[in-house]
Amino acid sequence: MKKLIGVLVLLLVALPLLWTERDIFSAQAAEVKNPPRSLSSESAALEAKRQQLAQKEAALAAKEAALNQLSAKLDARVAELNAAKKGIEESLTAKKKQDDERYKKMIKIYKGLKPEEAGNLLNKLDEKMVIQMLNQMDQKTAVKLIPFINQPRVLEWTRLNLAGQ
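As a starting point, this report considers the structure included with it. The structure displayed is predicted, hence computed values, not measured ones.

1. Some remarks on the overall build of the chain
The number of helices and strands found in the chain is six helices and zero strands. Beginning at the N terminus, the succession of helices and strands in the chain can be written as α-α-α-α-α-α. Restricting the contact set of the chain to residue pairs at least 6 apart, pairs at least 24 apart contribute 63%. As displayed, the chain has an accessible area near 13,900 Å², and 63% of this comes from carbon and sulfur atoms.

Laid out in structure tokens, this is it:
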């Protein structure tokens with residue numbers, strides 16, 4: 001009988017404890033099934049933030065692709081412009097060479113004339129042409145012609161040569 005009484009006392013003491021633990025386990029199970037509102041709202045906020053970041057990332061990728069495309073177009077345009085510049089420079093060099101050849105031929109003709117006749121003819125030409133011709137003449141020929149060329153032209157030619165132009 002003592003054993004039976006001991007078991008009954010144990011049941012009386014243990015039963016309320018077991019009942020309390022059952023309530024605690026049921027509450028925990030309910031929390032797992034229905035998380036508190038703060039976790040649910042945080043999860044929704046995190047999902048919204050993730051979607052925003054994904055949208056921004058997609059927009060940035062599109063902008064980067066557009067920028068890369070524009071960069072490629074600009075590179076192609078720069079290459080075109082450089083090719084055009086090279087062509088223009090070659091054309092200018094060829095024209096300058098042609099002009100120099102024509103000036104040299106004219107200088108030979110003027111060298112064959114008497115200094116007075118050459119000076120009179122040079123005075124009738126454009127000042128830039130005269131200066132260009134004087135620049136291409138050898139020193140000996142220029143010395144012979146200077147007394148017969150208008151003095152303002154000779155002075156301008158002197159100023160330009162001293163200035164290094």
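Having put the structure on the table, let's press on.
2. Thoughts on the side chain of Arg153
Within the fold, Arg153 resides in helix H6 (residues 151-163). An unpaired buried charge is present at Arg153: no salt bridge exists, and Glu127, the closest side chain of opposite charge, is 4.7 Å distant. The residues touching Arg153, leaving out its near neighbours within four places in the chain, are Leu122, Asn123, Lys124, Leu125, Asp126, Glu127 and Val130.

3. Section: the packing of helix H4 (residues 127-136) against H6
Between H4 and H6, the least distance of the axes is 10 Å, while the angle of their chain directions is 60 degrees. The pairing of H4 with H6 is recorded here as oblique in orientation. Taken as a pair, H4 and H6 cross one another with a handedness that is right-handed. Counted together, Glu127, Val130, Ile131, Leu134 and Asn135 of H4 and Arg153, Glu156, Trp157, Leu160 and Asn161 of H6 form the full contact between these two elements. Tallied by class, the residues present in the contact of H4 with H6 amount to five nonpolar, two polar and three charged.

4. Structural notes on the side chain of Asn123
Along the chain, Asn123 turns up in helix H3 (residues 115-123). Asn123 sits in the buried class, given a relative accessible area of 18%. Sequence-distant contacts of Asn123, defined by excluding residues within four places in its chain, comprise Phe148, Ile149, Asn150 and Arg153.

5. Some thoughts on the pattern of salt bridges
According to the stated counting rule, one finds seven salt bridges in the structure shown. Asp99 is paired through a salt bridge with Lys95; the nearest N and O atoms lie 3.3 Å apart. Of this pair, Asp99 and Lys95 are both found in helix H2 (residues 37-112), four residues apart, which corresponds to roughly one turn of the helix. In this structure Lys95 comes out as partly exposed when scored by relative accessible area, which is 44%. Via salt bridges that share partners, Lys95, Asp99 and Arg102 belong to a single interconnected network.

6. Focus on H3
For H3, the complete set of buried residues consists of Ala118, Gly119, Leu122 and Asn123. Angular distribution of buried residues about the axis of H3 spans 135 degrees; they occupy a single face of the element.

Calculation notes
Residues numbered from 1 in each chain as written. Predicted model: local features only at pLDDT ≥ 70, side-chain atom pairs only at ≥ 80, totals over all residues. Heavy atoms only, no water. Helix = DSSP H or I, 4+ residues; strand = E, 2+ residues; numbered from the N terminus. Contact = heavy atoms within 4.5 Å. Areas by Shrake-Rupley, 256 points an atom, 1.4 Å probe, with all protein chains shown as cover. Buried < 20%, exposed > 50% of the residue type's maximum accessible area, 1.4 Å probe, protein only. Lys, Arg positive; Asp, Glu negative; His and termini not counted. Salt bridge = Lys/Arg side-chain N within 4 Å of Asp/Glu carboxyl O. Axes fitted to C-alpha atoms, helices over the stretch in contact; angles between N-to-C directions. Parallel < 35°, antiparallel > 145°, perpendicular 65-115°, else oblique. Left-handed = near helix turned anticlockwise from the far one by under 90°. Nonpolar A, V, L, I, M, F, W, Y, C, P; charged D, E, K, R; others polar. Arc of directions from axis to C-beta.

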